[in-house]
Amino acid sequence: MLDRVSPTITSLLNARLQGHSLPAGLYTREDVFEADIDVFFRKHWICVGLECDVPEPGDATVIDIGASSLILLRDDDGAIRVMHNVCRHRGSRLLDAGTTIVSRLVCPYHQWTYELSGELVYAPHMGLDFDKECRSLKQIAFRSIGGLIYVCLSDEPPADINRLEEVMSKRLAPYEVGNAKVAHQCDVIEHGNWKLTLENNRECYHCSANHPELCVSFVDLDFGFDPESLSPEDKAQAEEHLALYAERTASWEREGYPSEAVEQLVDCATNFRTQRLIISGAGESQTPDATAACSKLLGTMTRKDLGDTHLWGHNSWKHFMGDHAVVSIVIPLSAGKTLVRTKWLVHKDAVEGIDYDLDKLTSVWLATTEQDADLVSRSQAGVADPAYVPGPYSPFSETNLEKFATWYVDRMRANGY
Amino acid sequence: MLDRVSPTITSLLNARLQGHSLPAGLYTREDVFEADIDVFFRKHWICVGLECDVPEPGDATVIDIGASSLILLRDDDGAIRVMHNVCRHRGSRLLDAGTTIVSRLVCPYHQWTYELSGELVYAPHMGLDFDKECRSLKQIAFRSIGGLIYVCLSDEPPADINRLEEVMSKRLAPYEVGNAKVAHQCDVIEHGNWKLTLENNRECYHCSANHPELCVSFVDLDFGFDPESLSPEDKAQAEEHLALYAERTASWEREGYPSEAVEQLVDCATNFRTQRLIISGAGESQTPDATAACSKLLGTMTRKDLGDTHLWGHNSWKHFMGDHAVVSIVIPLSAGKTLVRTKWLVHKDAVEGIDYDLDKLTSVWLATTEQDADLVSRSQAGVADPAYVPGPYSPFSETNLEKFATWYVDRMRANGY
Amino acid sequence: MLDRVSPTITSLLNARLQGHSLPAGLYTREDVFEADIDVFFRKHWICVGLECDVPEPGDATVIDIGASSLILLRDDDGAIRVMHNVCRHRGSRLLDAGTTIVSRLVCPYHQWTYELSGELVYAPHMGLDFDKECRSLKQIAFRSIGGLIYVCLSDEPPADINRLEEVMSKRLAPYEVGNAKVAHQCDVIEHGNWKLTLENNRECYHCSANHPELCVSFVDLDFGFDPESLSPEDKAQAEEHLALYAERTASWEREGYPSEAVEQLVDCATNFRTQRLIISGAGESQTPDATAACSKLLGTMTRKDLGDTHLWGHNSWKHFMGDHAVVSIVIPLSAGKTLVRTKWLVHKDAVEGIDYDLDKLTSVWLATTEQDADLVSRSQAGVADPAYVPGPYSPFSETNLEKFATWYVDRMRANGY
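Under an unreviewed UniProt entry, chain A has the name Aromatic ring-hydroxylating dioxygenase subunit alpha and belongs to Oryzicola mucosus. Recorded under Cofactor (unreviewed entry), the UniProt text for chain A is reproduced unchanged: "Fe cation".

Set out below in structure tokens:
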């Protein structure tokens, strides 16, 4: 028993100052981490994978979220299902980590056997009277939005995911994400709190100095800047870009491609923001020279000049371009450790070495991800330092961090903290 | 300080449902682990080793149980002693892990020197008036039952170990375990709670699918089955085995070898069960072909056809056969980590390469132990999953788990939880 | 929530028995560790480095103390400064571990830029109205005493460091530590509590049996002995040494070299003890043969026969000899892990291979440090054992441990425990 008592989580939330980063304890304490997992990763919708992670009936993959283990599979009827990876007998894991092909789910411990629907069909040694019906695998609420799998581990999933579905279904349709191919996947463990991982992703203030590869195709001006501090030259360039962005957006919209920014960031459970961004330079794709990495375009896309349909929200960020897409999913591991899982998608029939070069496809975001991991670990060490005091967000390029912090505090309070 | 309070250990115990595995927290929480160590590994008798671990005067071996370190040694008079491995000066460890030969116990820090009896005989720099008599090494209550060393770290060891002694002294006598030789020892760390390790050992429901090597000599029917779910063929085979078992047991008993099952599993502090089992196939030993691995039989044994004197209880399980014995001891390391130490015993004069082949001797239980470690780690991951709910034990082949869970809850309550 | 409550830190302090080592929990509990860090490593003066760690303007080195990271640097005016390694924006670490050369401190995250004085001079994206003046890097109170850097992380540094400064400034002057060269540095992680590391350093009761290399030049008699337990021969030798020590001390004092023991060990915040010790054997230095390791003497020293100016206190111990000095700094890492950082100093112009041989210079304390690490880890394992009870300190050679334990308990109480 400590002689001195740490502040409650509630008082940490109350200590948060508008316009400033969060109080240290919210980034560092294990009890806050436990609360975060419960509130944000069990009671909110989170993105965990893609329909195309399990393209064929019998394909199954395991996704671990904290102590929870989920099986994402495609059943015999070709339907997606998400279930808990926990045998209803004595709790053994059914499937190991990774992806596999199954006809039924057989627990290796005592051979309890489930259909791909989750129904228990065989339970030896339990007697003829044993009621198998109440022992199906527990199902998990999920929603496939344009091929992206969102799950909610609670019994009362927030309803406002509808807005995300409404906005994104049309935008994502031509990319046919659910029918794409995962050309590459990469797991990076960042040594920082999941909220620092997300804050880092929500601003491009750090881009120019830290992401040379990304900045070939990415325009950090789209993420805010301080007009008064720019040189006349830079100011002219910024104004030129904004004009171009407005013109291009209007023209894309006229051609039937929804492009305007849409956001639901505060006063909501399910936060997201989407916007069609201009790709700079060659203008096609987030590659070292901004030209397309894959000669077969995604889904029904016929043009490479439709920019980058950027979508971020809660635990993920995504970029959909003509030739490929990049999807990053964030899974907290502890107060100071976070998994960032990134997947690169191409057309399902695209062949490596013929239609695309894997290095060209992946190198920009591989580099960016490593750079971000370094920045997040520097931040985590700093906020854990007793000398840290929450600092001011830029009113130009960190406004989405302010919204994130507000949302975070609101959602904690809405869940009883 | 958490805003929300975890359930107390008492309420976890109260939540246990008859016929079902334990509530998750009892397998996963570190505070429960601390309580378990205190209740089950300090206030109950535990098996820690063998007389033959220290065959000669001056032989000493160190055994760590949680934060406790014990010295098991044979003193100058040939008597076994068990003492705490803690110098009475400033607490330094006297002996390192492992086995050694000593004439006196000299603390490497400041040379305080103890006789093998534990008596302090030299304490430099402490002055002529220093009272050495009250500074002997602290002794630990122990009992050697047929050469197996049981200790209790509390000052009030449960008296009902007498029943274990009474039953086993006669059964173990011909094997002369105390005078055997440890031919091999193997430590495996299972990534699971010690109670899952024991539950796994208390049933053979999982054997046929997981232990092909063991099932050559081991008959899982001896551990319960559901008669109604067997095919007519399997049912006939089961009945045949039960008849053979009854006949063999009666015949062994007539010949003077106690063989009937004896158990003390609930309503007691010291739990155990023993039974002489039939070895199947060649009928001699738990080896790949069920023939004896060692040509010199144990102790005064003259027959290889006396089956397997099986003994299990609390933190250990053992098999005594004509040619060799296998002893496994369980030592919890944390809520989710458990050491399983296995020793293979042969006649003290048996010579490797002449009387026995080490691989034949050890391969069955080496394989079984690895397989069990995998099953226990799957179980631990599963019970830690928020989706876990305690599941039903088989009324045929998991009755001893029901008894174990009952005993566990009872003993926790008896100790104030 | 535990069903049973651990004793408070206050009750552990109250349980401490005069003349005995501390109650176990004070060495092993993480909550005590957190309190220790706060009380002893934030509210007391601690030694963290040397002026000569950063000899030139722009030299900077990072020192981590718990979760705190400090930048020790020499600014453009040649003055020493100590600042927190935490950007005032969102808290990122400015410098990585290790030593570097900088012209300004630029945060790698968003390029906030500070002068070497700590002043914020550039903060992009923050707007023209942004008040940079209140965003300087946080300064840390420090004192350079004879070139040794002491810091205090609290706003109210104890005043009684003045006595240390008063005593040591004159004694250290001729060694010119601030202007020396760090010839070698070595970090060892001891698997024990920082208080065991210090207790181990405060007595030489363990030296003769554990430090053969050190005992060539070191006289353990200087650290207390039990006269009645010595053989007549040893007694004569001890008396001879004490006479020599008295004579040598008087003669050194007469020649203008302060040598008498001075101590401030209890009833104070800043504890220390200093004394000029005789070097035995060849009499020059703590080397394998007790002759000087470096032919260029330190600072303005002209003699090799001025013994060993020994200084210890709180988290460090030091030896200043004619040819070199050895400085050890203790930084706790967790309840059971402690960093011991040792630096060997020679004259700034001394050249390796010409003026000194690195192996001869470092071998004695490298060996001693390893031996001590082993002893401390044995102690930690022992005090963590439930069988540990605080044992008696030697009234002859462990009197400084008694004073340390008294000081520790007093200072905890003075800080509210």
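Right, picking up where we left off after that structure.
Asks: Even after reading the chapter, I still don't get helix α3 (residues 30–40) of chain C, so can you show me in this structure?
Replies: Helical periodicity: at 3.6 residues per turn, an α-helix aligns residues three or four positions apart in one direction. For α3 of chain C, the buried fraction is high: eight of the 11 residues fall into the buried class. Packed against the buried residues of α3 of chain C are α1 (9–15), α2 (24–28), β1 (46–50), α5 (194–201), β16 (325–334) and α9 (399–414) of chain C.

Asks: Before we go on, may I ask you to explain the packing of helix α5 (residues 194–201) of chain B against helix α9 (residues 399–414) of chain B in this structure?
Replies: The relative placement of two packed helices comes down to the angle between their axes together with the axis-to-axis distance. Residues and elements named next belong to chain B. Between α5 and α9, the shortest axis-to-axis distance is 9 Å and the interhelical angle comes to 150 degrees. Relative to α9, α5 is oriented roughly antiparallel. The two elements α5 and α9 meet at a crossing, and its hand is right-handed. Where α5 approaches α9, its residues W194, K195, L198 and E199 are matched on the opposing element by L401, F404 and Y408. Of the residues assigned to the contact of α5 with α9, the class counts are five nonpolar, no polar and two charged.

Asks: Where do I start with the domain arrangement of chain A in this structure?
Replies: Interface size is commonly expressed as the accessible surface area that is lost when the partners come together. Residues and elements named next belong to chain A. Split by domain assignment, chain A resolves into domain 1 (46–157) and domain 2 (175–414). With centres defined by C-alpha atoms, the gap from domain 1 to domain 2 works out at 32 Å. On the domain 2 side, the residues contacting the 16 residues of domain 1 number 17 residues. Sorting the residues of domain 1 by area buried against domain 2 places C47, L50 and C52 first, and these three jointly supply 39% of that buried surface. Linking domain 1 with domain 2 are one salt bridge, by the criterion used here. The salt bridge involving K343 is made with D53; its shortest N-O contact spans 2.9 Å.

Asks: Which parts of the structure should I look at to understand the relation of the copies chain C and chain A?
Replies: For these two chain copies, the linking operation is a rotation about an axis paired with a shift along it. Each copy superposes on the other: chain C lies on chain A with an RMSD of 0.0 Å after a rotation of 120 degrees and an axial shift of 0.0 Å. This pairing of chains is accounted for by a three-fold axis.

Asks: How do you make sense of the pattern of salt bridges when you look at a structure like this?
Replies: When the charged atoms of two side chains lie near each other, side chains of opposite charge can form a pair. Residue and element names in this part refer to chain A. This structure, assessed with the given rule, holds 66 salt bridges over all chains. For the salt bridge of E263 with K403, the shortest nitrogen-to-oxygen distance reads 2.9 Å. One end of the pair, E263, is in strand β12 (residues 262–264); the other, K403, is in helix α9 (residues 399–414), and 140 residues separate them in sequence. Here E263 falls in the partly exposed class, since its relative accessible area comes to 34%. With relative accessibility at 28%, the residue K403 sits in the partly exposed group.

Asks: Explanation requested: the state of the cysteines in the structure shown.
Replies: A disulfide bridge is the covalent bond that connects two cysteines by way of their sulfur atoms. Residues and elements named next belong to chain A. In the structure shown here, the tally under the stated rule is three disulfides over all chains. A disulfide bridge connects C204 with C207, and the sulfur atoms are separated by 2.0 Å. Judged by the torsion about the S-S bond (-100 degrees), the C204/C207 disulfide is left-handed. Each member of the pair, C204 as well as C207, is classed as buried.

What counts and what doesn't
Residues numbered from 1 in each chain as written. Chains lettered and ligands numbered in written order. Predicted model: local features only at pLDDT ≥ 70, side-chain atom pairs only at ≥ 80, totals over all residues. Heavy atoms only, no water. UniProt positions renumbered as here; feature names shortened; annotations may be inferred. Buried < 20%, exposed > 50% of the residue type's maximum accessible area, 1.4 Å probe, protein only. Helix = DSSP H or I, 4+ residues; strand = E, 2+ residues; numbered from the N terminus. Contact = heavy atoms within 4.5 Å. Axes fitted to C-alpha atoms, helices over the stretch in contact; angles between N-to-C directions. Parallel < 35°, antiparallel > 145°, perpendicular 65-115°, else oblique. Left-handed = near helix turned anticlockwise from the far one by under 90°. Nonpolar A, V, L, I, M, F, W, Y, C, P; charged D, E, K, R; others polar. Domains from an automatic or database assignment. Buried area = accessible area lost by both parts, 1.4 Å probe. Salt bridge = Lys/Arg side-chain N within 4 Å of Asp/Glu carboxyl O. Least-squares fit on C-alpha atoms with pLDDT ≥ 70 in both. Disulfide = S-S within 2.5 Å.

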